[in-house]
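Below, each chain spelled out in residue letters.
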Amino acid sequence: MNVSVASSPHFSNMKQGTRQMMVDVILALIPTIAVSVWIFGWYSILHIGICVLTCSLTELVWKKLAGMPASVSDASGPLTGVILALSLPWSAPIYVSVLGSIFAIAIGKMIFGGLGMNLFNPAMVGRAFVMLSFAGALGASAYVYDGAPADALTQATPLTVARDVATAQEFPGLWPLLIGKTNGSLGETSSLAILLGGIFLCVRRTAAWQIPTGVVLGAVIPAAFFELLGFTAITAFDHLFAGSLLFGAFFIATDPVSSPITPKGKWIFGVGIGILIMILRTFSSYPEGVMFAVLLMNSVVPLLNRWTIPTPVGGSFPEKPNA
Amino acid sequence: MQLKNLPRFTFKKGIHPPECKSFSEHQAIEVLPTPDIVRIPLLQHIGAPSKVSIKPRAEVAVGDKIADSGGFISAPVHASVSGKTAREGVITLPNGRRVTTVPIKASEEQPLEGDTLKEAFLGGDWSINLDEIDPTSLSTACSEAGIVGMGGAAFPTHVKLMRNEERPVTDLLINGCECEPFLTADHRLMLESPASILAGAKLAAHATGAENITICIEENKMDAVQALADAIGDENIQIKVMLSKYPQGGEKSLVMAALGKAVPTGGLPLDVGVVVMNVGTASSLARMVLRQMPLTHRIVTVTGAGIENPKNLIVPIGTPFQTVIDYCGGIKDNVSRIIAGGPMMGFSVTDLEIPVTKGTSGITVLTHDDIKQANTTACVRCGMCVDTCPLDLVPTKLALAARHKSIDTLKQYSVDACMECGCCAYQCPANIPLVQLIRTGKILKKMSNN
Ligand code: SF4
Ligand code: SF4
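Residues numbered from 1 in each chain as written. Chains lettered and ligands numbered in written order. Predicted model: local features only at pLDDT ≥ 70, side-chain atom pairs only at ≥ 80, totals over all residues. Heavy atoms only, no water.

## Thoughts on the overall build of chain B
When its secondary structure is counted, chain B shows 14 helices and 19 strands. Computed over C-alpha atoms, the radius of gyration of chain B comes to 21 Å, within 12% of the 22 Å expected from 2.2 N^0.38 for 450 residues, which places it in the range of a compact globule. Residues classed as buried in chain B amount to 59% of the 450 residues present. Restricting to contacts in chain B with at least 6 residues of sequence separation, those with at least 24 account for 73%. When the accessible area of chain B is evaluated, it comes to approximately 17100 Å², of which 50% is carbon and sulfur surface. (Helix = DSSP H or I, 4+ residues; strand = E, 2+ residues; numbered from the N terminus. Rg over C-alpha atoms; globule rule 2.2 N^0.38 Å. Buried < 20%, exposed > 50% of the residue type's maximum accessible area, 1.4 Å probe, protein only. Contact = heavy atoms within 4.5 Å. Areas by Shrake-Rupley, 256 points an atom, 1.4 Å probe, with all protein chains shown as cover.)

Below, the structure is given as structure tokens:
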């Protein structure tokens, strides 16, 4: 008889695992990837392929050099690659994908000690790096391309046209925004595909529902005010469905590692991102604000965790003065 | 009574582990044939060890006291078979405590075994006349009979039954939730001897002065709800059906679910005027008063995919696990872990010579398929442990603080409030041994206080 000894509980949820969580996210991204391939064709496949490959390789090499068990089996590295690729413009040069991926994994994750230790969302770290380093290649003009294979690609992104009252009437209607027949980063165009996958994640509890709900509320309410005050040319509703707001809410902000652990903290984190997105969209020189909003809120996560320690049911433990 | 439409009660958070009750829930309670030898531990309860009160090589009859209570929170111990005592030994209990045991070699003649025992234990008439019973005598009698909580923690029952004018008891909750996966001892008892539970409940209410008696049963045991409802008839005892959720039967969760009251952290249900008593304990109380039987036997569920013939057995306290398992056809080859208790809060054992104690609600034999073979990864800070902890703790922080030996953080996050229910570790996708780390944390904190 060969029995093992362990501390209770002796049961654990078989369906739940770190790897399973990451696989869930990749599954949830399938509709979005499908739309991306439909709109952007092989550019989409190319970027996703390169990013996944580079991210995995970077992680392997780093682990090898650092003497950690070399494997990417928790699937978090490849996932970073997918998210990064989906947040790039279709015309991004290949070196941008490669460098962005290396930076995302090396500086965004491994330097902190690997999975679970990083403060910032690795994909956003990688994207911020390439956006700032190669601003020319990734500006608003990177999205527009007159001789593009599909109609949608010949237009500016919805949020770019919305910045100017003169061009705001070119803003696409609700239907193109829902199905994704518009220009934008590879994974942000179809709100419907994102909602489909995002809701799946929340139902599976892989993503904390408080975060996307918080982002949406945090963005829509100020957007409505800005609309009333005339700060923005499009409606709050348009803001919700245009750009990467929903993609960010469901797939970027919900990265467990770089978001708070307490329910209250998750709410504050989500709402904070939403508000920051609207402030950046309205008052900064960027038409989009998701990336910086997420990175900014990432930086206060340790504080949020400390501020939102729940009181145990029945109150805090009474400390005996003489014990 | 329309049972289907009864409201369901529950508490916040918690988990839904697979119930796995089907192995033994339809096995009627049987009596284990008297074992050749029993080794009765002198510490089977929470509190101080009992003190041996007989000489070695003494002839004892079943029910004779062999050890006295060792303090206020303690309980005496009785012979569970008739026979001759031997020299005291020492054994390590599943929870890791080393305790003295008194072995008794069973003699040929056993006054209480087989059908006689079963009839005395479960059957017969359980009507009582409370007017003839002095409520204050019950606590003392309980203490004399060595009755402790049968749900697992084995808290001495006489402490709960003591009348305290400063803290009056309003509610008595009879706990028939049995939320641990696999275990069915309470379920079978409710089906086969509902009247003994009711008698015990009335006695407990009589002793504590509780005005309301509520029997709490999870909705996965509607047949037990029916059995008790039939036994109650028109008496003034309520039944509340609870959602099947773990840890519904934990005292704190139960008080919250049934009465909406939070037991203060570090306190007892008594602090909010509630006494919680397991159905098995209530039944023992009735047996003490109506059958003059001290606590000498208990019902043990022997179950799991790794056992040949799962059963619910009436077992003399002190019977070696091996004897019980052999009677159930033995263990299969693919066994992976043997647990005293259920899989959520039980202790794994390797030595099958350890004895059944008053708190052994079951012996669960798990196979390789039951145990998740996954590596521990780093905490991904998903917060699932926070989302399942019924007490609103932050398990991941507690575990981290225990790893880093950070006493201040352990205090800040109320490490002592944890009831070790295991919800957090069950749910953790990274497979982190959260409960084990939290236990370490509690010990670290205690040591730092000295
Ligand atoms: S459930 Fe596990 S992985 Fe998730 S936060 Fe808690 S300890 Fe970390
Ligand atoms: S921290 Fe303690 S009380 Fe909370 S779920 Fe974990 S074991 Fe249960």
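## Details of the overall build of chain A
Regarding its fold elements, chain A presents 16 helices and zero strands. Of all 323 residues assigned to chain A, the portion counted as buried reaches 55%. Residue pairs at least 24 apart in sequence account for 74% of intrachain contacts in chain A once pairs closer than 6 positions are excluded. When the accessible surface of chain A is totalled, it reaches about 13400 Å², and 70% of it is carbon and sulfur.

## Considering the site of ligand 2
The environment of ligand 2 is made up of 14 residues, and the closest members are Cys389, Cys418, Cys421, Gly422 and Cys424 of chain B. Within the shell around ligand 2, the residues separate by chemical class into twelve nonpolar, one polar and one charged. (Near = heavy atom within 4 Å. Nonpolar A, V, L, I, M, F, W, Y, C, P; charged D, E, K, R; others polar.)

## Quick word on the interface of chain B and chain A
Taken together, the contact pairs 67 residues of chain B with 46 residues of chain A. Of the roughly 4500 Å² buried between chain B and chain A on both sides combined, carbon and sulfur atoms contribute 60%. Put simply, chain B and chain A have zero salt bridges between them. Joining chain B to chain A, the criterion identifies 16 residue pairs in polar contact (both at pLDDT 80 or more). (Buried area = accessible area lost by both parts, 1.4 Å probe. Salt bridge = Lys/Arg side-chain N within 4 Å of Asp/Glu carboxyl O. Polar contact = N/O pair within 3.5 Å; in protein donor to acceptor, adjacent residues only side chain to side chain.)

## Examining the domain arrangement of chain B
Residues and elements named next belong to chain B. Examined at the domain level, chain B breaks down into domain 1 (3-28 + 116-291), domain 2 (32-110), domain 3 (297-367) and domain 4 (384-449). In this structure, domain 1 and domain 4 have C-alpha centres spaced 30 Å apart. Every contact between the two is made by 13 residues of domain 1 and, on the other side, 13 residues of domain 4. For the pairing of domain 1 and domain 4, the buried interface totals around 940 Å² over both sides, and the portion due to carbon and sulfur atoms is 65%. Counting the surface domain 1 buries against domain 4, the share from its top three residues, Lys13, Ile15 and Lys252, is 49%. Across the pair Lys12 and Asp392 runs a salt bridge whose closest N-O atoms are separated by 3.1 Å. (Domains from an automatic or database assignment.)

## Let's talk about the packing of aromatic side chains
In total, this model carries ten aromatic pairs over all chains according to the counting rule given. Seen in terms of ring centroids, Tyr95 of chain A and Phe134 of chain A are 5.3 Å apart; in terms of plane orientation they differ by 70 degrees. Their pairing is edge-to-face. Here Tyr95 of chain A, found in helix H5 (residues 94-106), pairs with Phe134 of chain A, found in the loop between helix H6 (122-133) and helix H7 (135-138); they are 39 residues apart in sequence, far enough to count as distant. Of the residues examined, Tyr95 of chain A reaches a relative accessible area of 43% and is grouped as partly exposed. Summarising the aromatic geometry, the rings of Phe103 of chain A and Phe129 of chain A are spaced 3.8 Å apart at their centres and angled 5 degrees between planes, so their arrangement reads as stacked. Here Phe103 of chain A, found in helix H5, pairs with Phe129 of chain A, found in helix H6; they are 26 residues apart in sequence, far enough to count as distant. With relative accessibility at 26%, the residue Phe103 of chain A sits in the partly exposed group. An aromatic cluster is present here, built from Phe11 of chain A together with Phe23 and Phe182 of chain B joined pairwise through their rings. Above the ring of Phe9 of chain B, the side-chain terminus of Lys240 of chain B is found at 4.7 Å from the ring centroid. Taking NZ or CZ as reference, Arg287 of chain B lies 3.6 Å from the ring centre of Phe121 of chain B, over its face. (Phe/Tyr/Trp six-rings, centres within 6.5 Å; stacked < 30°, edge-to-face > 60°. Lys NZ or Arg CZ within 6 Å of the ring centre and 35° of its normal.)

## Some words on the environment of Ile234 of chain A
All names here are of chain A. Among the secondary structure elements, Ile234 is positioned in the loop between helix H11 (210-229) and helix H12 (236-241). On the basis of relative accessible area, Ile234 is assigned to the buried category, the value being 4%. On a C-alpha basis, the gap between Ile234 and Leu159 in space is 9.1 Å, while along the polypeptide they are 75 residues apart.

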